[in-house]
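# Examination of the molecular architecture
What follows is the residue order along each chain.
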Amino acid sequence: MRLNGEICQKEEEDKRVSELNNKAESLHSMIGVEFPQPKQKMIVGYALTSKKKKSFLQPKLEVLARDKGIIFVAIDIDRPLSDQGPFDVVLHKLLGKEWCDVIEEYRQNHPEVTVLDPPHAIERLHNRQSMLQDVEDLNLSEYHGKVGVPRQMVITRDPLSIPEEVTKAGLKLPLVAKPLLVDGSAKSHELFLAYDQYSLSELEPPLVLQEFVNHGGVLFKIYIVGETIKVLRRFSLPNVCKHELEKVVGAYPFPRVSSASASADDADLDPTIAELPPQPLLERLARELHHRLGLQLFNIDMIREHGARDVFYVIDINYFPGYGKMPDYEHIFTDFLLSLMQSKFNKRPVT
Ligand SMILES: Nc1ncnc2c1ncn2[C@@H]1O[C@H](COP(=O)(O)OP(=O)(O)OP(=O)(O)O)[C@@H](O)[C@H]1O
Ligand SMILES: O=P(O)(O)O[C@H]1[C@H](OP(=O)(O)O)[C@@H](OP(=O)(O)O)[C@@H](O)[C@@H](O)[C@@H]1OP(=O)(O)O
Ligand SMILES: [Mg+2]
Ligand SMILES: [Mg+2]
């Protein structure tokens, strides 16, 4: 209901805008005076979980967007997408093959609509091995730092073989065990810290086993919105010292400490740990991944190796992350949406 109401409203408003534009043009030609042009409306359809809608579509975003002529409209996933709209932009974060097919078909049939982002590009982030492959290929040594991926291996079956596989691969303990597939479920975020390789046999493949890198308990979340980047500090897991490693056995689940909205930006931290990564490095990393992944909306979790000023590791990349936790996200996001319209306008065929 709401959807239809808003679409009718858009058609009426567009008609009114066009009439006003015509009047302004004829007045202009009669008396030579320039009138400010009424703003065109931009319609952004969104298909998000209710959790995401709540955290992303905050009133401060909707209000600012409306002031800038941007209207958010909920997509009804039970109705054909082509019957809805017309949309200028579609934002989506839903799971499942069915939705992927719907959105892919819509993209093919509606090249005039900007779909954020293409499902095949998002898909790479749903697997903890493929998500980091582009980082492995980067060489950013010219940009004041080194960015790598912790050594890791994938275990797809037979948990009993893990101790031997780990030894064979020469992975150093402790290891972080992460579910291979990231499907948005709580289970896909259930991680374990394993102090010895034998305890890993109790875990359920498919898994990624990743070397734990001491980083002083601070993590950098690099949020990307198109060409814009913003980096925030978050609390993370503390270092594991040699003594602890010798003493402790077992694999222990740990909470989603770095996903909590509590920022480490105001905490009294050791500056050698908390210093933000160099801006040229962040910019280059974000730009490269933006292009290589073919995504506009994602964030990168990066840590600095403890005791090394310029050695960094990317440990996670997330699609359409919690932008609501980013200060000023409403300005960044609305400017981004307007820039999409602008570039579409610039690319239109000249008549
Ligand atoms: N290799 C590692 N070395 C050190 N700490 C790590 C490593 N991998 C993960 N961590 C810690 O565990 C946290 C969760 O790991 P990760 O970000 O991979 O999981 P996630 O479930 O994808 O998290 P998110 O909520 O960001 O999607 C990290 O934010 C960091 O605190
Ligand atoms: O919980 P928030 O909304 O803030 O956002 C989190 C988001 O959950 P949501 O998409 O369901 O909202 C997660 O997505 P899934 O991997 O589970 O799909 C993942 O992207 C986290 O990294 C985000 O936290 P952030 O990295 O920004 O701290
Ligand atoms: Mg993470
Ligand atoms: Mg993640």
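What this report covers is the structure whose coordinates are included nearby. Since we're looking at a predicted model, the values are computed, not measured.

### Thoughts on the overall build of the chain
When its secondary structure is counted, the chain shows 11 helices and 14 strands. Burial statistics for the chain: of 351 residues in total, 47% are counted as buried. By sequence separation, contacts in the chain at least 24 residues apart represent 72% of the contacts at least 6 residues apart. Working note: accessible area of the chain is about 18800 Å², and carbon and sulfur atoms make up 53% of it.

### Topic: unusual backbone geometry
With an omega of -10°, the peptide bond running from leucine 116 to aspartate 117 counts as cis. Among the secondary structure elements, aspartate 117 is positioned in the loop between β4 (114-116) and α5 (119-123). The backbone phi angle of aspartate 158 is positive, close to 50°, even though this residue is not glycine. Mapped onto the fold, aspartate 158 is located in the loop between β6 (152-155) and α7 (162-169). For aspartate 158, a relative accessible area of 41% puts it in the partly exposed group. We note that aspartate 328 has phi near 70°; this positive angle belongs to a residue other than glycine.

### Looking at the sheet that holds strand β7 (residues 175-179)
Here we have five strands laid out as an open sheet, ordered β6-β9-β7-β8-β12, and antiparallel in their pairing. Edge positions in the sheet fall to β6 and β12 (251-254), since each has one partner strand and no second. For this sheet the average axis-to-axis angle between neighbouring strands, irrespective of direction, equals 25°. Bridging between β7 and strand β9 (residues 207-211) involves five bridges; their strand directions are antiparallel.

### Points about the coordination of the magnesium ion (ligand 4)
Within the protein, the magnesium ion (ligand 4) binds to Asp316 (OD), Asp316 (OD) and Asn318 (OD1); these donor distances fall in the range 2.1 to 2.7 Å. Here the magnesium ion (ligand 4) and the magnesium ion (ligand 3) are spaced 3.8 Å apart, with aspartate 316 acting as a shared donor. Using a relative accessible area of 12% as the deciding quantity, one classes aspartate 316 as buried. Under the relative-accessibility criterion, asparagine 318 is labelled buried at 16%.

Calculation criteria
- Residues numbered from 1 in each chain as written.
- Chains lettered and ligands numbered in written order.
- Predicted model: local features only at pLDDT ≥ 70, side-chain atom pairs only at ≥ 80, totals over all residues.
- Heavy atoms only, no water.
- Helix = DSSP H or I, 4+ residues; strand = E, 2+ residues; numbered from the N terminus.
- Buried < 20%, exposed > 50% of the residue type's maximum accessible area, 1.4 Å probe, protein only.
- Contact = heavy atoms within 4.5 Å.
- Areas by Shrake-Rupley, 256 points an atom, 1.4 Å probe, with all protein chains shown as cover.
- Pairing = 2+ DSSP bridges.
- Axes fitted to C-alpha atoms, helices over the stretch in contact; angles between N-to-C directions.
- Donors = N, O, S within 2.8 Å, 3.2 Å for Na, K, Ca; no water.

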